[in-house]
Amino acid sequence: MYESYRIQPAGHKAGKRLPNAGPDATIDTGTPHHHWKATMPPVALVTGGNRGIGLGITRRLLTDGFAVSILATREEPADLLAELRADAGGDDRVRYVRGSVADLHDHARYVDDAVDAWGRLDLLVNNAGVAPTVRSDLLDATAESFDRVLGINLRGPYFLTQTFARRVVELRDKAAANRAEAGDVVPRPEDRPAPAQEESAPTAPVATIVNVSSISATTVSTNRGDYCVSKAGVAMATQLWAVRLAPEGIVVYEVRPGVIATDMTAGVTQKYDEMIENGLAPVNRWGRPADVAGAVAILASGQTPYSTGEVFHVDGGMHIPVL
Ligand SMILES: NC(=O)c1ccc[n+]([C@@H]2O[C@H](COP(=O)([O-])OP(=O)(O)OC[C@H]3O[C@@H](n4cnc5c(N)ncnc54)[C@H](OP(=O)(O)O)[C@@H]3O)[C@@H](O)[C@H]2O)c1
């Protein structure tokens, strides 16, 4: 899977299970896809990974062998973390950082915590998001609501992406420098030769970023304009970061859910029940967190390194215009 950098204690032999790497650890690279589970787990950051869609993503990534660090505002959920750790085989593969994605000071703390604990970064899932506290018609909606929703849904993930990407590049370059010092040159992604035609396994990206947006990125709801604007912004941010980070070997995707059963939609269950019954989407049911998690897992698998900036809809086909 993720092969491009891995910080490891000096003297490590590929394939061995490793303790946490310290800041002075040396770096190994080039793990073949089928060996990654035998070494240090790939590391995922999932904002809002404690509830709803984010919790579905956390569970799925743990099942797939990732170590997952959650950022969320609530007090550390001891019972949930114990359950997740038990499900993960008792491994130290779950961390929780209490903070807000809207607070830029929390970003470095969150990213550093994972690097200090696990020594690598592979995946950022910008999932945390909020609906407006009150749904208000555009003519009545407040600037306070706009600032809150944009701060959490767009400004926060935009700058968390910046912090994450900078750290990935730093780790990648440190890995390359260490290898060069050891006489083993690691090419930057853009310097890699084109793969031979017969090569079948794709070269995994250095890291992956997945932004959870919404069907609201392109679908108007006049009673929550702030939310729609924030998600349209996430769609553009995905393309911006995809272009900027491609030369760094980092791919960026947007996962665009439709109607998913979580706390966020709990207050409007009846409305969506009726809409679904009336054919809201070709796949005629509520979406579930596991549906979104499945899409994230595919994009996080490292199998699509020649695709970036893509939108992956998880909406039962709701986005397809039907006459
Ligand atoms: N449910 C849907 O139908 C649907 C559809 C399309 C898109 N989405 C998007 O999917 C994402 C997840 O939504 P959901 O339905 O799972 O919502 P949810 O059940 O309300 O969960 C929201 C998550 O975000 C976290 N969060 C909220 N504010 C935060 C902040 N300032 N900093 C860090 N974490 C914060 C929450 O944790 P704490 O409470 O602990 O902070 C929680 O884990 C959101 O981006 C949402 O816009 C949802």
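For the structure given in this document, a descriptive report is provided here. Because the structure is a prediction, the values reported are computed rather than measured. (Residues numbered from 1 in each chain as written. Predicted model: local features only at pLDDT ≥ 70, side-chain atom pairs only at ≥ 80, totals over all residues.)

**Concerning the nonpolar core**
Within soluble globular proteins, side chains that are nonpolar tend to cluster in buried spots.
Piece 1. With 67 residues, the main nonpolar core has Ala-44, Leu-45, Val-125, Val-292 and Val-296 as its most contacted residues.
Piece 2. If you tally residues by element for this core, the top one is helix α4 (residues 143-181), at nine residues.
Piece 3. Once you skip the residues sitting within four places of it in the chain, Ala-44 turns out to touch Leu-61, Phe-66, Val-68, Asp-122, Leu-123, Val-125 and Ala-300. (Core = buried A, V, L, I, M, F, W, Y, C linked by C-beta atoms within 7 Å. Buried ≥ 20, exposed ≤ 12 C-beta atoms within 10 Å, placed from the backbone. Helix = DSSP H or I, 4+ residues; strand = E, 2+ residues; numbered from the N terminus. Contact = placed C-beta atoms within 7 Å.)

**Structural notes on the site of the ligand**
Piece 1. Neighbouring residues of the ligand: 28 residues in total, closest Gly-48, Gly-52, Thr-73, Arg-74 and Gly-129.
Piece 2. Counting residues per element, the ones that place at least two in the shell around the ligand are α1 (52-63), β4 (67-72) and α6 (263-266).
Piece 3. Looking at the shell around the ligand residue by residue, the classes come out as 13 nonpolar, 12 polar and three charged. (Near = placed C-beta within 6 Å. Nonpolar A, V, L, I, M, F, W, Y, C, P; charged D, E, K, R; others polar.)

**Quick look at the pairing of strand β8 (residues 250-257)**
Piece 1. In terms of burial, β8 is largely enclosed, as eight of its eight residues are buried.
Piece 2. The two faces of β8 match: Ile-250, Val-252, Glu-254 and Arg-256 on one face and Val-251, Tyr-253, Val-255 and Pro-257 on the other face are all buried.
Piece 3. Note: strand β7 (residues 207-212) against β8, six bridges, orientation parallel. Of the residues in β8, the one forming a bridge with Thr-208 is Val-251.
Piece 4. Note on the crossover from β7 through helix α5 (residues 225-245) to β8: the handedness is right-handed.
Piece 5. Pairing of β8 with strand β9 (residues 311-314), which is carried by four bridges, proceeds in the parallel orientation. When the bridges of β9 are listed, Pro-257 appears paired with Val-314. (Pairing = 2+ DSSP bridges. Right-handed = clockwise from strand over helix to strand, strands pointing away.)

**Remarks on α1**
Piece 1. Given a rise of 1.5 Å per residue, 12 residues ought to cover 16 Å, and the 17 Å separating the end C-alpha atoms of α1 matches this to within 8%.
Piece 2. Of all the 12 residues making up α1, 10 are buried; the element is thus mostly covered by neighbouring parts of the structure.
Piece 3. Turning to α1, its buried residues number three or more, namely Gly-52, Ile-53, Gly-54, Leu-55, Gly-56, Ile-57, Thr-58, Arg-60, Leu-61 and Leu-62.
Piece 4. Directly beyond the C-terminal end of α1, a positive phi value near 100° is found at Gly-65. (Expected span 1.5 Å × (residues − 1).)

**Let's talk about the sheet that holds strand β6 (residues 123-126)**
Piece 1. A sheet is described by the order of its strands in space; here seven strands give the open sequence β5-β4-β3-β6-β7-β8-β9, paired in parallel fashion. Looking at the sheet topology across the chains shown, the edges are occupied by β5 (94-98) and β9. Averaged over all neighbouring strand pairs, the angle between strand axes comes to 20°, with direction disregarded.
Piece 2. Sheet topology places β6 next to β7; four bridges connect them, and they run parallel. Following the sheet pairing, Val-125 is matched in β7 by Val-210. (Axes fitted to C-alpha atoms, helices over the stretch in contact; angles between N-to-C directions.)

**Some points on the packing of α4 against α5**
Piece 1. Packing of α4 against α5 brings their axes to within 9 Å, and their N-to-C directions diverge by 15°. Between α4 and α5, the interaxial angle falls into the category roughly parallel. Like other packed secondary-structure pairs, α4 and α5 cross with a definite hand, here right-handed. Across from Ser-145, Phe-146, Val-149, Leu-150, Asn-153, Leu-154, Pro-157, Tyr-158, Thr-161 and Ala-165 in α4, the residues of α5 making contact are Asp-226, Tyr-227, Val-229, Ser-230, Lys-231, Gly-233, Val-234, Ala-237, Trp-241 and Leu-245.
Piece 2. Here the contact of α4 with α5 is built from residues that sort into 13 nonpolar, five polar and two charged. (Parallel < 35°, antiparallel > 145°, perpendicular 65-115°, else oblique. Left-handed = near helix turned anticlockwise from the far one by under 90°.)

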